[in-house]
Amino acid sequence: DNGADAAKARAARKPLTEEERQERLRAMQQDAEVHDDHRKKRIKVAEEKLAATAQKESVSTRDDADEAKFQSKLNADIFMGSATTVEDRLTQNKHYRQRAVGDNEGFL
């Protein structure tokens, strides 16, 4: 039960002949080749997935950059291209900033 039987079996086993050794070596080499092929396939699939993900991210990053440029240009056109001053804009939007006209406590 403590491995004594396995030790006896190993001790009782006769050594391999040269033919048996060569056959086992060939089998191990074939198993190694199969294992390497599977590993290469897994790596190739993973690299393809990674490339596809990177391509999607680059497209979305490009779209985000285009959107940022558009918004920046829009903000510059609207706010910088206007002849109104900050004071004029505040005066024009006074009714949005107050709850009740003439009530000093009505500011937000």
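Residues numbered from 1 in each chain as written. Predicted model: local features only at pLDDT ≥ 70, side-chain atom pairs only at ≥ 80, totals over all residues. Heavy atoms only, no water.

**Q** Just give me the short version of the overall build of the protein chain, but keep the residues and values in it.
**A** When you go through the protein chain residue by residue, the secondary structure sums to 4 helices and 0 strands. Classification of the 108 residues of the protein chain by burial places 1% in the buried group. Of the roughly 10,400 Å² of accessible surface on the protein chain, 54% is carried by carbon and sulfur atoms. (Helix = DSSP H or I, 4+ residues; strand = E, 2+ residues; numbered from the N terminus. Buried < 20%, exposed > 50% of the residue type's maximum accessible area, 1.4 Å probe, protein only. Areas by Shrake-Rupley, 256 points an atom, 1.4 Å probe, with all protein chains shown as cover.)

**Q** Go over the pattern of salt bridges, please, and point to the residues and values.
**A** Inspection of every chain in the model, using the stated rule, returns 2 salt bridges. The residue E23 makes a salt bridge to R26 at a minimum N-O spacing of 2.9 Å. Residue E23 and its partner R26 are both found in helix α2 (residues 18-80); the two are separated by 3 residues, about one turn of the helix. Judged by its relative accessible area of 42%, R26 is partly exposed. For the salt bridge of D36 with R39, the shortest nitrogen-to-oxygen distance reads 3.9 Å. Within this pair, D36 and its partner R39 are both found in helix α2, separated by 3 residues, close to a single helical turn. Its relative accessible area of 31% is what places D36 among the partly exposed residues. (Salt bridge = Lys/Arg side-chain N within 4 Å of Asp/Glu carboxyl O.)

**Q** Tell me about the confidence of the model for the protein chain, residues and numbers included.
**A** Model confidence for the protein chain is summarised by a mean pLDDT of 81, while 81% of its residues fall at 70 or above. α2 holds the highest mean pLDDT among the elements of the protein chain, 89, whereas helix α4 (residues 94-97) holds the lowest, 70. (pLDDT = per-residue confidence, 0-100.)

**Q** Outline a nonpolar patch on the surface, listing residues and values.
**A** A contiguous nonpolar patch, built from F70, L74 and I78 and spanning about 280 Å² of accessible area, is present on the exposed surface. Among the structural elements, L74 can be located in helix α2. A residue is classified by how much of its surface remains accessible, and L74, at 38% relative accessible area, is partly exposed. (Patch = residues over 30% accessible without salt bridge, like charges linked within 9 Å, V, L, I, M, F, W, Y side chains within 5 Å.)

**Q** Kindly report on a negative patch on the surface, identifying the contributing residues and their values.
**A** Judged by side-chain charge, D63, D64, D66 and E67 come together as a negatively charged surface patch. Take D66: it is sitting in helix α2. D66 gets classed as partly exposed once you look at its relative accessible area, which sits at 43%. (Lys, Arg positive; Asp, Glu negative; His and termini not counted. Charge placed at Lys NZ, Arg CZ, Asp CG, Glu CD.)

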